[in-house]
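If you want the building blocks of each chain, they are given just below.
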Amino acid sequence: MMTDVESPLLFIEDNDDDFEVVLWAMKKLSLSIPITRCIDGDEALDYLYHRQEFARPETSPRPALILLDLNLISVDGRDVLQAVKSDPDLRRIPVIIWTSSEDPKDIDVSFQLGANSYILKPMNMKQLLEVVETLNKYWFGVSVSPATDLLSEK
């Protein structure tokens, strides 16, 4: 793994089942990537900007990677993506859209807003294992990201 062990994968997902199956896949593949989950866009922005219960950066570290569902309650995933990619302190964090939307408009808007990748949620367990394994190999193995201290608040 080329990222700092203390830097989590931030998973912004409002569906408990979707979150649980990803955790299951990671366990099945023996992956030990730390995960922080936010259940909606408001909570994700609080985490990223160290507000509310996430005010202490040492207990809410900058993520190495964001896995973002588009269709969230309260603040939408598109709005979270736009906030991250328009902020000089956050924009270097890779953001992968994790959604069930195959709508070409969603795909186009996501990349226009700065998404680094767009993944359709797998429909069966075999596909899920393959996708999670590929994510791990690429983002936490092959890909080189900025050092965590460059992603941290100044």
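Small disclaimer: the values here were computed from a predicted structure and weren't measured.

Quick notes on the rules
- Residues numbered from 1 in each chain as written.
- Predicted model: local features only at pLDDT ≥ 70, side-chain atom pairs only at ≥ 80, totals over all residues.
- Heavy atoms only, no water.
- Buried < 20%, exposed > 50% of the residue type's maximum accessible area, 1.4 Å probe, protein only.
- Helix = DSSP H or I, 4+ residues; strand = E, 2+ residues; numbered from the N terminus.
- Pairing = 2+ DSSP bridges.
- Right-handed = clockwise from strand over helix to strand, strands pointing away.
- Salt bridge = Lys/Arg side-chain N within 4 Å of Asp/Glu carboxyl O.
- Contact = heavy atoms within 4.5 Å.
- Phe/Tyr/Trp six-rings, centres within 6.5 Å; stacked < 30°, edge-to-face > 60°.
- Axes fitted to C-alpha atoms, helices over the stretch in contact; angles between N-to-C directions.
- Polar contact = N/O pair within 3.5 Å; in protein donor to acceptor, adjacent residues only side chain to side chain.

Before going further, it helps to spend a moment on the pairing of strand 3 (residues 65-68). Remark: a regular strand shows side chains that alternate across the two faces of the sheet. The two faces of strand 3 match: Leu-65 and Leu-67 on one face and Ile-66 and Leu-68 on the other face are all buried. Where strand 1 (residues 9-12) and strand 3 come together, four bridges link them in parallel fashion. When the bridges of strand 3 are listed, Phe-11 appears paired with Leu-67. Between strand 3 and its parallel partner strand 4 (residues 95-99), the chain crosses via helix 3 (residues 77-86), and the hand of that crossover is right-handed.

What follows is about the pattern of salt bridges. Evaluation of the coordinates by the stated rule reveals ten salt bridges. We note a salt bridge from Arg-37 to Asp-16, for which the minimum N-O separation is 2.9 Å. On the criterion of sequence distance, the pair formed by Arg-37 in strand 2 (residues 35-38) and Asp-16 in helix 1 (residues 16-28) is long-range, its members being 21 residues apart. Overall, Arg-37 belongs to the partly exposed group, its relative accessible area being 22%. A relative accessible area of 49% means that Asp-16 is categorised as partly exposed. Lys-137 is the partner of Glu-133 in a salt bridge, and the nearest nitrogen-oxygen pair spans 3.9 Å. With a gap of four residues between them, Glu-133 and Lys-137 both fall in helix 5 (residues 125-142), about one helical turn apart. Judged by its relative accessible area of 34%, Glu-133 is partly exposed. Connected through salt bridges with shared partners, the residues Glu-13, Asp-18, Asp-69 and Lys-121 form a single ionic network.

All buried positions along helix 3 are accounted for by Gly-77, Val-80, Leu-81, Ala-83, Val-84 and Lys-85. The inward-facing, buried residues of helix 3 abut strand 1, helix 2 (41-48), strand 3, strand 4 and helix 4 (104-112).

Let us now look at the packing of aromatic side chains. In total, this model carries three aromatic pairs according to the counting rule given. Where Tyr-47 meets Phe-54, the ring centres are 5.3 Å apart and the plane angle is 70°; that geometry is what we call edge-to-face. Across this residue pair, the class does not change: Tyr-47 and Phe-54 are buried. Joined through ring pairs, the aromatic side chains of Phe-11, Phe-19 and Trp-98 make up one cluster.

This paragraph deals with the sheet that holds strand 2. Within the open sheet, the five strands sit side by side as 2-1-3-4-5. Their pairing is parallel. Lying at the two open borders of the sheet, with one neighbouring strand each, are strand 2 and strand 5 (117-120). When the angles between neighbouring strand axes are averaged without regard to direction, this sheet yields 20°. For strand 1 and strand 2, the ladder comprises four bridges, and the chain directions are parallel. Within strand 2, the residue paired with Leu-10 across the bridge is Thr-36. Helix-sheet contacts for helix 2 involve strand 1, strand 2 and strand 3, and the interaxial angle to strand 2 is about 130°. Across the sheet, helix 4 touches strand 4 and strand 5, and the angle it forms with strand 5 is around 150°.

Burial runs high along helix 2: seven of the eight residues are buried. Looking at helix 2, one finds that the buried residues are Gly-41, Glu-43, Ala-44, Leu-45, Asp-46, Tyr-47 and Leu-48. Where helix 2 is buried, its residues meet strand 1, strand 2, strand 3 and helix 3. Capping the start of helix 2 is the job of one residue whose side-chain oxygen sits 3.1 Å from the backbone nitrogen of Asp-42: Asp-40.

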